Amino acid sequence: MNKNKDIAVKHVHLALAAIYTLLAQNSSAQSAAPDSESKVIELSPFSVVESSTGYGVSSSSTATRTNERLIDIPQTVDIVTSQFWEDTAATAYDEALKYAGNVFVRNRSAGDVQFISRGFTIVAAEGYAADGVRLYGYRRDLVAYERVELVKGPPSAIQGRGSNSGFVNFIYKKPFFTRDSTTGKAIVGGYGDDGGFYRGEIDVNRVLNKAGTVALRVIGVAQNSGPTAHQGRTQR
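Per chain, residues are indexed from 1 in the order of the written sequence. For this predicted model, a pLDDT threshold of at least 70 governs which residues receive local features, and a threshold of 80 or more governs which side-chain atom pairs are given and counted, while totals over whole chains, interfaces and linings are taken from all residues. Note: side-chain values were computed over all heavy atoms of the structure, leaving out hydrogens and water.

A description of the pairing of strand β5 (residues 113-117) should follow, citing residues and the corresponding values.
Burial here depends on accessible area, computed with a 1.4 Å probe over protein chains only, as a share of the maximum for the residue type. Under 20% is buried, over 50% is exposed, and the range in between is partly exposed. Numbered from the N terminus, helices here are DSSP runs of H or I no shorter than four residues, and strands are runs of E no shorter than two. In terms of burial, β5 is a largely internal element, five of the five residues being buried. Whether two strands pair depends on DSSP finding at least two bridges between them. In terms of strand pairing, β5 meets strand β6 (residues 120-121) through two bridges, oriented antiparallel. Within β6, the residue paired with Ile116 across the bridge is Thr121. The antiparallel pairing of β5 with β6 creates a hairpin that spans two residues between the two strands, and Arg118 there sits at a positive phi of about 55 degrees.

Describe the layout of surface pockets, listing the residues and the values that go with them.
Taken as a whole, the largest pocket holds about 1100 Å³ of empty space. Contributions of two or more residues to the lining of the largest pocket are made by α2 (82-87), β9 (145-152), β10 (166-172), β11 (181-187), β12 (198-207) and β13 (215-225). Throughout, the protein atoms alone are placed on a 1 Å grid, and a set of points is a cavity if a 1.4 Å probe fits but cannot get out or a pocket if it is open with protein on both sides within 12 Å along at least five of seven lines; lining residues have an atom within 4 Å of a point. Grid points are joined across faces, edges and corners, and a volume is the space filled by probe spheres set on the points.

Describe in detail the pattern of salt bridges, supporting the description with residues and values.
The salt bridge definition used is simple: a Lys or Arg side-chain nitrogen within 4 Å of an Asp or Glu carboxyl oxygen. Enumeration according to the criterion identifies eight salt bridges in this entry. Two residues, Asp72 and Arg69, come together in a salt bridge whose shortest N-O distance is 3.0 Å. A salt bridge links Lys185 to Glu201, with the shortest nitrogen-to-oxygen separation between them at 3.8 Å. Pair noted here: Lys185 is in strand β11 and Glu201 is in strand β12, with a separation of 16 residues, a long-range link.

Requested: an account of the side chain of Thr62, with residues and values cited.
One can find Thr62 in the loop between β1 (59-60) and β2 (68-69). The exposure class assigned to Thr62 is buried, which follows from its relative accessible area of 2%. A 3.5 Å cut-off defines polar contacts: any pair of N or O atoms within that distance qualifies, except that in protein one atom must be a possible hydrogen donor and the other a possible acceptor, and neighbouring residues in sequence count only when both atoms are side-chain atoms. A distance of 3.0 Å separates a polar atom in the side chain of Thr62 from a polar atom in the side chain of Asn169. The contact partners of Thr62, leaving out residues within four places of it in the chain, are Glu149, Val151, Gln159, Phe167 and Asn169. Should any heavy atoms of two residues lie within 4.5 Å, those residues are considered in contact.

Describe the nonpolar core, naming the residues involved and giving the relevant values.
Ranked by internal contacts, the top residues of the largest apolar core, which has 19 residues, are Trp85, Leu97, Phe115, Val148, Val168 and Phe170. With three residues, the top contributor of residues to this core is β9. Residues in contact with Val168, not counting those within four places in the same chain, are Leu97, Phe115, Ile122, Gly127, Tyr128, Ala129, Val148, Glu149 and Leu150. Put simply, buried Ala, Val, Leu, Ile, Met, Phe, Trp, Tyr and Cys residues joined by side-chain atoms within 4.5 Å make one nonpolar core. In terms of nonpolar packing, the next biggest core, distinct from the first, is built from eight residues, Ile73, Val77, Val151 and Phe167 among them.

Tell me about the packing of aromatic side chains, residues and numbers included.
Here the aromatic set is Phe, Tyr and Trp, taking the six-membered ring for Trp, and pairing holds for ring centres within 6.5 Å; pairs whose planes are under 30 degrees apart are stacked, those over 60 apart are edge-to-face, and all others are tilted. In total, this model carries eight aromatic pairs according to the counting rule given. Ring geometry for Tyr93 versus Tyr128: centroids 6.2 Å apart, planes at 55 degrees, classification tilted. Here the residue Tyr93 occupies a position in the loop between α2 and β4 (103-107), and Tyr128 occupies one in strand β7 (residues 128-130), the gap between them amounting to 35 residues. Centre to centre, the rings of Tyr93 and Phe170 are 5.8 Å apart; their planes meet at 35 degrees, and the pair counts as tilted. Of this pair, Tyr93 sits in the loop between α2 and β4 while Phe170 sits in strand β10, and the two are 77 residues apart along the sequence. Summarising the burial analysis for this pair, Tyr93 and Phe170 share the class buried. Ring-pair connections join several aromatic residues into one group, and the members of that group are Tyr93, Phe115, Tyr128, Tyr145, Phe170 and Tyr172. Lying over the aromatic face of Phe176, Arg179 brings its terminal NZ or CZ to 4.1 Å of the ring centre. Note on geometry: a ring has a charge over it if NZ (lysine) or CZ (arginine) is within 6 Å of the ring centre and within 35 degrees of the ring normal.

Tell me about the confidence of the model for the chain, and please be specific about residues and values.
Of all residues in the chain, 70% have pLDDT values of 70 or greater, and the mean over the chain is 77. By mean pLDDT, helix α1 (residues 2-32) is the weakest element of the chain at 56, and β12 is the strongest at 92. Per residue, pLDDT measures the predictor's confidence, with a range of 0 to 100.

Spelled out as structure tokens, the structure:
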């Protein structure tokens with residue numbers, strides 16, 4: 001009797017083991033088989049770009065000719081933005097670096113403006129550029145520039161022949177490819193017996209095609225500085 005009972009228990013154990021093996025094989029086959037009904041979810045493309053707003057700028061290309069973070073540039077680079085110029089009512093060339101550290105502006109009555117950095121004059125014919133293109137240091141209006149970058153110290157390793165005190169690079173304003181815009185500004189002013197400083201600015205941006213790959217930006221300024229201290233008139 002006990003012998004028959006032991007045989008029956010063994011048969012039950014073998015049956016359970018066989019069922020467990022079949023279930024395991026079926027589960028492995030299902031996990032290995034591709035799911036024909038699964039869908040691939042494609043996310044919309046996006047891009048990561050560097051941007052600067054207000055006074056803050058995180059990168060520069062003047063010191064290295066490549067767009068590098070300021071923290072990675074082994075030279076002192078001062079950047080003054082157009083937002084700062086607007087907040088300080090700066091419009092003229094000699095006001096571009098008025099608040100930059102260790103920079104002195106020498107403004108002569110004849111209109112010859114010089115920047116002195118670290119005690120040495122930045123030579124007009126060698127130390128000034130606009131978007132990296134060398135320009136003579138003539139008196140220019142700030143309305144067309146997004147910012148100015150000043151590299152302090154000798155820039156010859158990257159910029160070639162230049163001043164030993166620094167290099168000034170004005171960055172032009174660029175067109176927007178996403179929207180049309182028109183802005184304007186008027187300043188009246190007044191100083192002395194006769195008053196003066198009448199100024200108007202306009203900035204027009206247009207996207208020229210539906211794809212947003214071609215855009216045009218036109219910036220203009222008109223100014224008629226009245227005779228402050230009766231020393232003549234300045235017209236731009």
